[in-house]
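Here is what each chain is made of, one letter per residue.
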Amino acid sequence: PMPPSGAASLDAVLNALFTLTGDDDSLVRELVAKCLTRLCKYHFGVLVPHMDGVLGFMLHELQNDDDEALQFAAANFWPVFAHQTEHVATGAHLLPQIIAALFENMAYGDDELALLLNDDRQQFAPAGVGGQHQPPPQ
């Protein structure tokens, strides 16, 4: 349990963060996204009353085409949020939008793409192709 002075301080921090979600500077919004992700991970309960606004902010910034670092910070929020199983219904109404945004903004590094392409080739290769061995004829 948090002492009353800590709760009051946390409320002040939350109010400041929510004000900064509308800042014109994408670096400020990136830092807000990172802070909200940490709060989600370690103090989820304080975000629950504000979750619609938090989810809306993260969804909006995930779709921000102007700043990759901001998109990345917003994308990092979703796995942390997904692990909050005690509030599984929170945000369920946004799930179609969240899934669409995550798929639309998926990005892979060169190494990951090579692994994915290799896996696909092996999975769909005919027998005897791509390192798969055919059994000897009987």
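Going along each chain's sequence as written, the residues are numbered from 1 onward. In keeping with the model being predicted, local features are shown solely for residues with a pLDDT of at least 70 and side-chain atom pairs are shown and tallied solely at 80 or more, while totals for entire chains, interfaces and linings include all residues. Only hydrogens and water are set aside when side-chain values are computed; all heavy atoms of the structure are taken into account.

**What about the environment of L47?**
Mapping L47 onto the fold places it in helix 3 (residues 44-47). On a C-alpha basis, the gap between L47 and L14 in space is 8.4 Å, while along the polypeptide they are 33 residues apart. Not counting residues within four places of it along the chain, the set of residues in contact with L47 comprises L14, L36, L39, C40 and V54. Elements are defined by DSSP. Helices are runs of H or I of four residues or more, strands are runs of E of two residues or more, and each kind is numbered from the N terminus. Contact between two residues is taken to exist if any of their heavy atoms lie within 4.5 Å; hydrogens are not considered.

**Some thoughts on the packing of helix 1 (residues 4-20) against helix 2 (residues 26-42)**
Axes, fitted as lines to C-alpha atoms, cover a helix only where it is in contact. Angles between the N-to-C directions of the axes lie from 0 to 180 degrees. Closest axis-to-axis distance for the helix 1/helix 2 pair is 9 Å, and the angle between their directions is 140°. Relative to helix 2, the element helix 1 lies oblique. When you trace helix 1 past helix 2, the crossing you get is left-handed. For the pair helix 1 and helix 2, contact is made by L10, L14, L17, F18 and L20 and by V28, R29, V32, C35, L36 and L39, respectively. Tallied by class, residues from the contact of helix 1 with helix 2 come to ten nonpolar, no polar and one charged. Note that the term roughly parallel is reserved for angles under 35 degrees, roughly antiparallel for angles over 145, roughly perpendicular for angles of 65 to 115, and oblique for everything else. Less than a right angle of anticlockwise turn of the near helix away from the far helix marks a crossing as left-handed, whereas a clockwise turn marks it as right-handed. Each residue gets one of three labels, nonpolar for Ala, Val, Leu, Ile, Met, Phe, Trp, Tyr, Cys and Pro, charged for Asp, Glu, Lys and Arg, and polar for the others, Gly among them.

**Here we look at the confidence of the model for the protein chain**
Of the residues in the protein chain, 80% have a pLDDT of 70 or more, and the chain-wide mean is 82. How sure the predictor is of each residue is captured by pLDDT, a score from 0 to 100. Across the protein chain, the element-wise mean pLDDT spans from 69 in helix 7 (residues 110-124) up to 96 in helix 2.

**Brief notes about a nonpolar patch on the surface**
A residue counts toward a patch only above 30% relative accessible area and without a salt bridge, and it is joined to like-charged neighbours within 9 Å or, for Val, Leu, Ile, Met, Phe, Trp and Tyr, to nonpolar neighbours within 5 Å. Surface exposure here means Shrake-Rupley accessible area, sampled with a 1.4 Å probe, where a residue is shielded only by the protein chains that are shown. The working definition used for a salt bridge is a side-chain nitrogen of Lys or Arg within 4 Å of a carboxyl oxygen of Asp or Glu. Among the surface-exposed residues, L95, I99, F103 and M106 lie close enough to one another that they form a single nonpolar patch of about 400 Å² accessible area. When accessible area is computed with a 1.4 Å probe and restricted to protein chains, residues below 20% of their type maximum are described as buried, those above 50% as exposed, and intermediate ones as partly exposed. By relative accessible area, which is 58% here, F103 ends up exposed.

**Description of the pattern of salt bridges**
In total, this model carries two salt bridges according to the counting rule given. With a closest N to O distance of 3.2 Å, E30 and K34 form a salt bridge. Placement of both E30 and K34 in helix 2 is noted, with a separation of four residues, approximately one turn of the helix.

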